[in-house]
Amino acid sequence: REKNNTLVYGGRTIVKASAVQLQTTTMASASSESRAEKYKDNEAVDEEQCDGADASGNEESIDDIDQKLASLSIAQASKSQTPIEALAAKILSNEFKNVVVLNGAGISVAAGIPDFRTPGTGLYDNLQKYNLPYPEAVFDLDFYKKNPGPFLLLAKELWPRTVADGGTISPTISHCFVRLLEKKKLLRRCYTQNIDGLEVLAGVSSDKVMECHGHFRSASCVKCNKPYDSTKCREHILNHDPKKKPMPPRCTKCKAFVKPDIVFFGEGLPKRFFSLLEGGDMEDCDLLIVMGTSLMVQPVASIPQFVDKSCKRLLINRELVGTFDVSDQNIHSRDFFLSGDCDNSVRELSALLGWDNELHQIFNDLPKVSKEK
């Protein structure tokens, strides 16, 4: 997450299915008599075809008739579908094998964690008490080296304390949807800009998650990068005496400040991030799902531009962001947009897919203070 950082990749800078569709999937296994009757009854078929002969006078086979009926039914279904229903139908038909998800702070709002940039409620709008020269300074490495206090106080508020850890934080429906994609063997990777670790807590395998901006589960020295005991770092920050000036732990090797391994402005992203980008995640991605992000922080914000032009892209967000273009959204579009709250939009998509029960089973199996009704 470097200041003014640009990343170049590949030469670029930075329904539930309708009843008609369900019929077509089983039509091939129907009896010859049944299929012939459907053919005869279909008014959309040319009279000459109904006579059972083609232009050369040869009789058409039942399979030929069936194929034409299927094409007609699919065309009829397509006309009645919304763009999102069409995308859901493609997911159900196993058209996508390598789904990549990109998460932002918006998917954790329902867990009680504020996002960064929403006016009035976002984190950056509520840092006045720390007397910062500018809001982003709280996550600036140079500023931390000179004045670590504001971050340490904020970290005490932000440090993920799950229900299992005596806190109140629990993964949301949106996090559980990522887990469901993995369960369906569709998930290639989940790139998250969040530092709360809720994807992993939702049950997504750690090798499937790329925490682009780090996490609180480990700590290291800001000067020599020597790892520091994460439990001691956590206790030092969370249990500091409010009557005293907050100071971070000191490195046992060089005595410089230690901080949790979240990526500050002025630091490079983890090497694994670039390895995964160049290792096939972007090249093989056939469906990109972007949820709850302003797409303002580089280089992660450029991921939607790194995927192939043939890749379908779905944005689940309160507003249109980045390079998503839905000015002429239709069933054949590259870009799709579900506007609104992330969890509600995920529920809508899951209903179209017929995955409602599985999604809520994953959610309800998580430890939490109160179950969703």
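Refer to the structure above for everything that follows.
Definitions and cut-offs
The written sequence of each chain sets the order in which its residues are numbered from 1. Where totals are concerned, whole chains, interfaces and linings use all residues; where local detail is concerned, this predicted model gives features only for residues with pLDDT of at least 70, and gives and counts side-chain atom pairs only at 80 or more. Derived side-chain values reflect all non-hydrogen atoms in the structure, with water molecules and hydrogen atoms excluded from consideration. Secondary structure elements follow DSSP: runs of H or I no shorter than four residues count as helices, runs of E no shorter than two count as strands, and numbering proceeds from the N terminus. Buried residues are those whose accessible area, probed at 1.4 Å on protein chains only, stays under 20% of the maximum for their type, while exposed residues exceed 50% and partly exposed ones sit between those limits. By the convention used here, strands pair only if DSSP detects at least 2 bridges between them. Aromatic contacts are taken between Phe, Tyr and Trp rings whose centres are within 6.5 Å, Trp giving its six-membered ring; a plane angle under 30 degrees counts as stacked, one over 60 as edge-to-face, and the others as tilted. Geometrically, a charge over a ring is one whose NZ (Lys) or CZ (Arg) sits within 6 Å of the ring centre while staying within 35 degrees of the ring normal. Any carboxyl oxygen of Asp or Glu within 4 Å of a side-chain nitrogen of Lys or Arg constitutes a salt bridge here.

Okay, the side chain of Glu182 next. The residue Glu182 is located in helix α8 (residues 173-183) in this model. The exposure class assigned to Glu182 is buried, which follows from its relative accessible area of 15%.

With six of eight residues buried, strand β4 (residues 214-221) lies mostly within the body of the structure. By the bridge criterion, four bridges tie β4 to strand β6 (residues 258-262) in an arrangement that is antiparallel. Note that in β6 the partner of Gly214 across the bridge is Ile262. One ladder, built from two bridges, connects β4 with strand β5 (residues 227-228); its direction is antiparallel. The residue of β5 that forms the bridge with Ala219 is Tyr228. Here β4 folds back onto β5, and the loop between the two strands holds five residues, one of which, Asn225, carries a positive phi near 65°.

Think of a pair of aromatic rings as described by two things: how far the centres are apart, and how the planes are tilted against each other in angle. Counting across every chain of the model gives 10 aromatic pairs. Relative to Phe257, the ring of Tyr144 lies with its centre 6.2 Å away and its plane at 75°, an arrangement referred to as edge-to-face. Residue Tyr144 is found in helix α6 (residues 141-146), and its partner Phe257 is found in the loop between α10 (230-238) and β6; the two are separated by 113 residues along the sequence. Seen in terms of ring centroids, Phe151 and Phe264 are 5.0 Å apart; in terms of plane orientation they differ by 70°. Their pairing is edge-to-face. Remark: Phe264 occurs in the loop between β6 and α11 (271-284) and Phe151 occurs in helix α7 (residues 149-158); sequence separation between them is 113 residues. What makes Phe264 buried here is its relative accessible area of 0%. The aromatic ring of Phe264 is capped on one face by Lys259, whose charged end is 4.5 Å from the ring centroid.

Here we come to unusual backbone geometry. A cis amide bond, omega 5°, links Gln298 with the succeeding residue Pro299. Structurally, Pro299 is set in the loop between β7 (287-291) and α12 (303-306). Unusually for a residue other than glycine, Asn94 sits at a positive phi of about 60°. On the secondary structure map, Asn94 appears in the loop between α5 (83-92) and β1 (99-103). Classification of Asn94 by relative accessible area gives partly exposed; the value is 47%. We note that Leu295 has phi near 50°; this positive angle belongs to a residue other than glycine. Within the secondary structure, Leu295 sits in the loop between β7 and α12.

If you walk through the whole model with that rule in mind, you get nine salt bridges. Taking the shortest distance from any N to any O, the salt bridge between Asp281 and Arg189 comes out at 2.8 Å. Of the two residues, Asp281 is situated in helix α11 and Arg189 in strand β2 (residues 187-192); the sequence distance between them amounts to 92 residues. Since its relative accessible area comes to 12%, Arg189 is described here as buried. Here Arg313 and Asp335 are joined by a salt bridge, their closest N and O atoms 2.8 Å apart.

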